[in-house]
Every structure is written in C-alpha cells, then in structure tokens.
Amino acid sequence: MADKFANLTDAARKLSIGGYHRHVFLCTGDSCCTNEEGLAAWDELKKLLKDLNLSLSTAPNACYRTKANWLRVCQGGPIVVVYPEGTWYH
C-alpha cells in the first residue's frame, strides 16, 4: 500500500497537481456532442491554453484540464466547467 501511495504522490508531483489555479473540465461525452466535435473541442482547448501560456505552467494563472464523459448539464455541447469559479460555458 505504501508503494501505491508513493507512486501516486510522485505522479501528482510530476503533473504539478496542487499547483494549478484553475481546473477546466471539458465534456466530450456522447450526451453532449459527437465524438468528432468533442475531440475537436479538446484539441482547441489544449491549443488555447498553450497559446496563453496557461497549460503546464507554474504561474499564478496556471490551468489544469480534464476531459470528462458527462457533466450532468450536457445539452448541445461540448460543455466546459471551470473551477474554482464553478462557471460553465457552451
């Protein structure tokens, strides 16, 4: 059990988890949109965050991103939720 915890801690450290200011969840599930639309939105989100120097950054505005399958408000998506603000975008 200690080895699993050490591995998890090491993986989180390498990804700078805990050092991000915001976390963006993008719903790409089939309740929101087609697979193609979801992947296109995911690629655009990655590009945008990289272009703004927010992805894999340690700056105060550093932003982590996660692809989600269902955010429970999915309609005509893809849908994006940003935490800690709790705001969502369509």
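Reference entry: report on the structure contained in this document. (Residues numbered from 1 in each chain as written. Predicted model: local features only at pLDDT ≥ 70, side-chain atom pairs only at ≥ 80, totals over all residues. Heavy atoms only, no water.)

Attention shifts here to the nonpolar core. Counting eight residues, the largest nonpolar core consists of Val24, Leu26, Trp42, Leu45, Leu49, Cys63, Val80 and Val82. At the level of elements, strand S1 (22–27), helix H2 (35–51) and strand S3 (80–83) are the ones that each hand at least two residues to this core. If one sorts the elements of this core by residue count, H2 sits on top with three residues. If you look at the next biggest cluster of nonpolar residues, it comprises five residues, including Cys27, Cys32, Cys33 and Cys74. (Core = buried A, V, L, I, M, F, W, Y, C linked by side-chain atoms within 4.5 Å. Buried < 20%, exposed > 50% of the residue type's maximum accessible area, 1.4 Å probe, protein only. Helix = DSSP H or I, 4+ residues; strand = E, 2+ residues; numbered from the N terminus.)

When you line up the elements, valine 24 lands in strand S1. On the basis of relative accessible area, valine 24 is assigned to the buried category, the value being 6%. Between the C-alpha atom of valine 24 and that of valine 82, which follows or precedes it by 58 residues, the distance is 4.5 Å. Non-local contacts of valine 24, meaning those with residues more than four positions away in its chain, are made with Leu45, Cys63, Tyr64, Arg65, Thr66, Val80, Val81 and Val82. (Contact = heavy atoms within 4.5 Å.)

This part takes up the side chain of threonine 28. If you trace the backbone, threonine 28 turns up in the loop between S1 and H2. The class for threonine 28 is buried, based on a relative accessible area of 14%. Dropping the residues within four chain positions of it, threonine 28 is found in contact with Cys33, Gly38, Lys67 and Ala68.

Right, let's get into the pattern of salt bridges. Considering all chains together, one arrives at two salt bridges under this definition. With a shortest N-O distance of 3.8 Å, aspartate 43 and lysine 46 are connected by a salt bridge. Here the residue aspartate 43 and the residue lysine 46 both occupy positions in helix H2, the gap between them amounting to three residues, near one helical turn. For aspartate 43, a relative accessible area of 44% puts it in the partly exposed group. Between aspartate 51 and lysine 47 there is a salt bridge; the shortest N-O distance is 2.7 Å. In this pair, aspartate 51 and lysine 47 are both assigned in helix H2, four residues apart and thus about one turn of the helix distant. (Salt bridge = Lys/Arg side-chain N within 4 Å of Asp/Glu carboxyl O.)

Quick look at H2 now. A rise of 1.5 Å per residue sets the reference length of H2, with its 17 residues, at 24 Å; its end C-alpha atoms lie 24 Å apart and thus fit the reference within 8%. Listed in full, the buried residues belonging to H2 are Gly38, Trp42, Leu45 and Leu49. All buried residues of H2 fall inside an arc of 60° around its axis, so they share one side. Pointing more than 90 degrees away from the buried face of H2 are the exposed residues Glu36, Lys50 and Asp51. (Expected span 1.5 Å × (residues − 1). Arc of directions from axis to C-beta.)

This part is about the packing of aromatic side chains. According to the stated counting rule, one finds one aromatic pair in the structure shown. Measuring from ring centre to ring centre gives 5.9 Å for phenylalanine 25 and tyrosine 83, while their planes differ by 80°; the resulting arrangement is edge-to-face. Of this pair, phenylalanine 25 sits in strand S1 while tyrosine 83 sits in strand S3; the two residues are 58 residues apart in sequence, bridging distant segments of the chain. The partly exposed category is assigned to phenylalanine 25, whose relative accessible area is 22%. (Phe/Tyr/Trp six-rings, centres within 6.5 Å; stacked < 30°, edge-to-face > 60°.)

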